[in-house]
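Each chain is listed here by its residues.
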Amino acid sequence: MMLSALLVLMALAASIQAENRALEAKMEPSSSYSYYSSSSSSSVHEAGRARHAPRVPRGSRSRPRERQEPQPPRAHPEADTFFTTPRPFSGALRLHNPLFPVTDESYSAYAVLLLALVVFSVGIVGNLALMCIVWHNYYLKSTWNCVLASLAFWDFMVLFFCLPVVIFNELTKRRLMGDLSCRAVPYVEVASLGVTTFTLCALSIDRFHTVTSGQSRPRQGESCQSILAKLSVIWLGSLLLAAPELLLWRLEQDGSPQSGLPVDSCRPQPSTDLPDALLSLVLTYQHARMWWTFGCYFCLPLLFTGACHLLTRHVSEDEKTLRSSSTSSSSSSSSIKKRRRERQLTRTVVALAFIYAICCLPEYVWNIVLAYVGMEVGVATQALLALIGQFLLFVRAGATPVVLLCICRSLGQAFMDCCCCCCEECFPDPSSSCTSSSVSTNATAVSSPPASPISMQEDKLKIVSGTSPAVFFDKVKESPAELIIGTPC
């Protein structure tokens, strides 16, 4: 009996274990759907909760607030994400400003800016005055004066276009107009050197030809065609000799290691996209550029000026001894005025050559020394030497018209008369005008013969209406021999 009961219990336990195993086997394939079943059950519970929640009318302020779970903070979006199309920053407005805030570098920047303003103002006013004097005066339109006006025009171009670009590059380390200014500025500077060189050669030859001709030619104004033909030789020669500068320079942009801002620099590296023949010509010019500029733009004008000056002085001394031995009488006033005028023209040429040599010699000296001594110079030192060389060029362009107005008596007198006329127009003096008008009327009444009443009325109308010639031109017409300088061809 006991044995049979034990067997029944064992069979019952085995059947219970079998049922448990079958139930576990059925539950394993449906385990992947547990998430969905739990979510569905939660949704069912939420739906039931919402169904049993009290209804609140729309727009009521007593609406219960739902509990919100805390959310992680969002990162602040960048500025470019606000736009529909991202705009990449090219760095065009990232400029180096040494003027503010004030640092140790600011003092040198302010000194460079002040010096540039002085040179720019003096040079612009002087060159414009020289060009206007020669252009608006008929009796000063000789070949000599027109050549000087041409020199003033190129000096004006150098100061007006090149000086602001160089100063802006020095202060901000960026280049105005990019690659265009990098090629145009050296071209205009070298062309100005060529104009100065050929001008000095032409003036020296003119002085030698005048002294050795031995015959006095009539001094009268030349035609525009004759003057333009002579100026075109100077201009075309200068522009053609400076043409390789347009293909030699190239703009490069680097980053500053201190501030990280972009830095523009012009370097003599011709582009490899040029044709082979043209590239070889530019490379040959680059290798011979130092000695070419030194020989053509420095030695040639000084040799011409020195040789012509010595020959002119020797010929004039021989003529003086011959005149003194042939006649013992005192020289006439006309010969004295002629010799005085010749000495004045000679001093003008010598002064122009001296200023040109003083301003150009330092740059050629340190270029030759650095090329053949083998000294290693840093980038900052090379940039400083290049800036000094360009400033010397600008100083020469600003000092040339001042020297011409001080040495040439006719040009200086014309400039002073123009300034006096402007001052009289701005600040008229009634007493002086009345006295001058009375003196002039008395002088004309004494010197002029009696005229008809019709002509007197026409003169009065001209004076009142302002159609009569200016006082300066009347002075010039009275004594043209003293105011005309140079020799017409």
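Heads up: the structure comes first, above all this text.
**Brief notes about the packing of aromatic side chains**
Then comes step 1: This structure, assessed with the given rule, holds 11 aromatic pairs.
Then comes step 2: For the pair Phe 160 and Phe 161, a centre-to-centre distance of 5.1 Å together with 85° between the ring planes defines the contact as edge-to-face.
Then comes step 3: Assessed through its relative accessible area of 41%, Phe 160 is described here as partly exposed.
Then comes step 4: Under the relative-accessibility criterion, Phe 161 is labelled partly exposed at 47%.
Then comes step 5: Both rings, one in Phe 294 and one in Phe 298, keep their centres 5.5 Å apart while their planes meet at 20°; by these two values the pair is stacked. Highlighted residues: Phe 294 and Phe 298, both in helix H9 (residues 289-326), separated by 4 residues, approximately one helical turn.
Then comes step 6: The exposure class assigned to Phe 298 is buried, which follows from its relative accessible area of 8%.

**Concerning the packing of helix H4 (residues 143-172) against helix H11 (residues 379-407)**
Then comes step 1: Two elements in contact, H4 and H11, have axes separated by 9 Å at closest approach and are oriented at 145°. The two elements H4 and H11 meet at a crossing, and its hand is left-handed. The segment H4 lies against H11, with Leu 148, Leu 151, Asp 155, Val 158, Leu 159, Cys 162, Leu 163, Val 166, Ile 167 and Glu 170 engaging Leu 387, Gln 390, Phe 391, Leu 393, Phe 394, Arg 396, Ala 397, Gly 398, Thr 400 and Leu 404.

**Section: the nonpolar core**
Soluble, globular proteins show a tendency: their nonpolar side chains are buried together.
Then comes step 1: Ranked by internal contacts, the top residues of the largest apolar core, which has 60 residues, are Phe 394 and Leu 411.
Then comes step 2: For this core, the elements supplying multiple residues, two or more each, are helix H3 (104-136), H4, helix H5 (179-213), helix H6 (224-241), H9, helix H10 (333-372), H11 and helix H12 (409-426).
Then comes step 3: Per-element tally for this core: the top contributor is H4, with 17 residues.
Then comes step 4: Among the nonpolar cores identified, the runner-up in size contains 5 residues, and Cys 182, Leu 248, Val 282 and Tyr 285 belong to it.

Conventions adopted
- Residues numbered from 1 in each chain as written.
- Predicted model: local features only at pLDDT ≥ 70, side-chain atom pairs only at ≥ 80, totals over all residues.
- Heavy atoms only, no water.
- Phe/Tyr/Trp six-rings, centres within 6.5 Å; stacked < 30°, edge-to-face > 60°.
- Buried < 20%, exposed > 50% of the residue type's maximum accessible area, 1.4 Å probe, protein only.
- Helix = DSSP H or I, 4+ residues; strand = E, 2+ residues; numbered from the N terminus.
- Axes fitted to C-alpha atoms, helices over the stretch in contact; angles between N-to-C directions.
- Left-handed = near helix turned anticlockwise from the far one by under 90°.
- Contact = heavy atoms within 4.5 Å.
- Core = buried A, V, L, I, M, F, W, Y, C linked by side-chain atoms within 4.5 Å.

Interpretation in functional terms is not warranted from these geometric data alone.
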